[in-house]
Amino acid sequence: MNANPDDLLVLLAVSRSAKFTTAAQALGLNHTTVSRRIAALEKALGGRVLSRAAGGWELTALGAEAVRVAEQVEWALRTLEQPGRTPDPITGVVRMTATDGFSAYIAAPAVARLRRDHPGLSVEIVTVTRRALQQRSGLDIEVVVGEPQVHRAEASRLGEYMLGMYASRNYLAEYGTPATVEELTAHSLVYFVDSMLQVDDLDAPRRLVPAMRDGLSSTNVFVHVEATRAGAGIGFLPCFAADLHADLVRLLPGEFAELLPYWMVLRPDSMRRPAVAAVVQALREQTAAHREALLGRPAGSSVVPGSSVAP
C-alpha cells in the first residue's frame, strides 16, 4: 500500500466523524486540505476510500482496509510520544445516540466511571428516541427501544425496562385516585407527542387507554416526569426515573406494566476500536448493575412489576 501516512491519518479522522469539517477541526486543518489529502490517498491506492451516505461519508472496502493500516500508524506514533510507556488504547472520541432516560441514568455514569481510568477518552451522546438508522456514518453506538431491523450492522439485546402510570400525590389529592382503567379516561395523559413518536413499541398508553386524552406532550422523557410531578396529568413514565421521586405514586401496576427492551446497534467495524469496545462493555455492566431499578423494583422492594401493589 503506497500511501502517505499523513493522508492515512486524515482518512482515520474522517472515518470517525463521517464529516470533512469535523475531521479538519480535530486535525487543525481546513476543509479543503482534508479533501485534497483524501484525493491524494485515493490516487495512491488506485480507488475510492469514501462514498457519500446520508449524514456524511462511509468507508468503502478499500477505505476500511486503509483505516486498519492508519490505526497501526496512530498506535506507533503514540508509542513514540510516550517512550518507555505503553500508550492507553482507550482514547479518542466515541459517538453514540440513545434515549433521554438511558443516556442520563445508564450511559452518563458508565462513561464517567470509564473516564476515571482512561482520561484520553471522550464520548459524545446525542439523545433521541427513534428507530435505528440504516446509515450510521460517524456514529459508533446506537441504543434504541425495541428490536431494530438493520443492515450492515450488529444488533444485540442490552436489557429491559418497565414503564407504568404515575401521578403526583398532590394531583391525586385534588382529582382523586383512579381505581380502574375506565376511570383513567377522566384524566389527561402526559406522554410523547403522538404525531412525532417513531417507535411503535412506545404506543402502550394510546393502545391500552385510547379514550384518555392528551394533556401535556413532549419529545423528552424528563419533561414527562417533571410535568407529572407538577400535576399536569397522569404520566406514563419509565419506572427507573419515576421511582426516584417520593412525590410520585404508581397507579394500576397490574394493568400498566409495559416491559420494553433496549437494543444496542454497532457498525461492523466499530468494535475493532478499543475505545468503542470499552464503552460498549461499560454500558453492558451499568445496565446489568441497575437491572432491578430498570424493571421497576427499587432496592429493598419485593414487589414484582405487574402485581396489584405499586412499588
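Residues numbered from 1 in each chain as written. Predicted model: local features only at pLDDT ≥ 70, side-chain atom pairs only at ≥ 80, totals over all residues. Heavy atoms only, no water.

Engineer: So what's going on with helix α9 (residues 221–229)? Residues and values would help.
Structural biologist: Since the α-helix packs 3.6 residues into each turn, any two residues three or four apart lie on the same face. Residues of α9 that are buried include every one of Val221, His224, Val225, Ala227 and Thr228, and no others. Residue asparagine 220 occupies the N-cap position of α9, its side-chain oxygen lying 2.7 Å from the main-chain nitrogen of phenylalanine 222. Glycine 231, located one to two residues past α9, shows a positive phi value of around 90 degrees. (Buried < 20%, exposed > 50% of the residue type's maximum accessible area, 1.4 Å probe, protein only. Helix = DSSP H or I, 4+ residues; strand = E, 2+ residues; numbered from the N terminus. Polar contact = N/O pair within 3.5 Å; in protein donor to acceptor, adjacent residues only side chain to side chain.)

Engineer: Help me get a handle on the environment of threonine 228, residues and values and all.
Structural biologist: Counting through the fold element by element, threonine 228 comes out in helix α9. In this structure threonine 228 comes out as buried when scored by relative accessible area, which is 0%. Sequence separation between threonine 228 and alanine 242 is 14 residues; the distance between their C-alpha atoms is 9.3 Å. Not counting residues up to four positions away in its chain, the partners in contact with threonine 228 are Tyr166, Ala167, Ser168, Val190, Gly233, Gly235, Leu237 and Leu248. (Contact = heavy atoms within 4.5 Å.)

Engineer: Break down the nonpolar core for me, with residues and values.
Structural biologist: Counting 58 residues, the largest nonpolar core has Phe102, Ile141, Tyr161, Met165, Leu202, Tyr262 and Leu283 as its most contacted members. By size, the runner-up hydrophobic cluster in this structure holds 20 residues, among which are Ala3, Ala24, Val49 and Ala70. (Core = buried A, V, L, I, M, F, W, Y, C linked by side-chain atoms within 4.5 Å.)

Engineer: Tell me about the pattern of salt bridges, and please be specific about residues and values.
Structural biologist: One side chain can pair with another of opposite charge once the charged atoms of both are near each other. All chains considered together, the criterion is met by 14 salt bridges. Among the salt bridges present, the one from aspartate 140 reaches arginine 273, with a minimum N-O distance of 3.6 Å. Of this pair, aspartate 140 sits in the loop between β4 (121–127) and β5 (141–145) while arginine 273 is found in the loop between β11 (258–266) and α11 (274–289), placing the two residues 133 residues apart along the sequence. The two residues aspartate 140 and arginine 273 agree in class, both being buried. (Salt bridge = Lys/Arg side-chain N within 4 Å of Asp/Glu carboxyl O.)

Engineer: Kindly report on the packing of aromatic side chains, identifying the contributing residues and their values.
Structural biologist: Going through the model one piece at a time under the given rule, you end up with nine aromatic pairs. Ring geometry for tyrosine 161 against tyrosine 262: centres 4.5 Å apart, planes inclined by 15 degrees, an arrangement best described as stacked. Of this pair, tyrosine 161 sits in strand β6 (residues 154–168) while tyrosine 262 sits in strand β11, and the two are 101 residues apart along the sequence. The class of tyrosine 161 is buried, set by a relative accessible area of 5%. By relative accessible area, tyrosine 262 is classed as buried at 1%. Geometrically, the ring pair formed by tyrosine 191 and phenylalanine 192 is edge-to-face, given 5.1 Å between the ring centres and 75 degrees between the ring planes. No difference in accessibility class separates tyrosine 191 from phenylalanine 192, as the two residues are buried. (Phe/Tyr/Trp six-rings, centres within 6.5 Å; stacked < 30°, edge-to-face > 60°.)

Engineer: Lay out unusual backbone geometry in plain terms, naming residues and giving numbers.
Structural biologist: Non-glycine residue leucine 252 carries a positive phi angle of around 45 degrees. Mapped onto the secondary structure, leucine 252 falls in the loop between β10 (248–251) and β11.

Engineer: Before we move on, could you go through the pairing of β4 and cite the residues and values that matter?
Structural biologist: Regular strands have side chains that alternate between both faces of the sheet. Sheet analysis places strand β3 (residues 92–98) next to β4, joined by seven bridges and oriented parallel. Opposite valine 93, over in β4, you have serine 122 as the bridge partner. (Pairing = 2+ DSSP bridges.)

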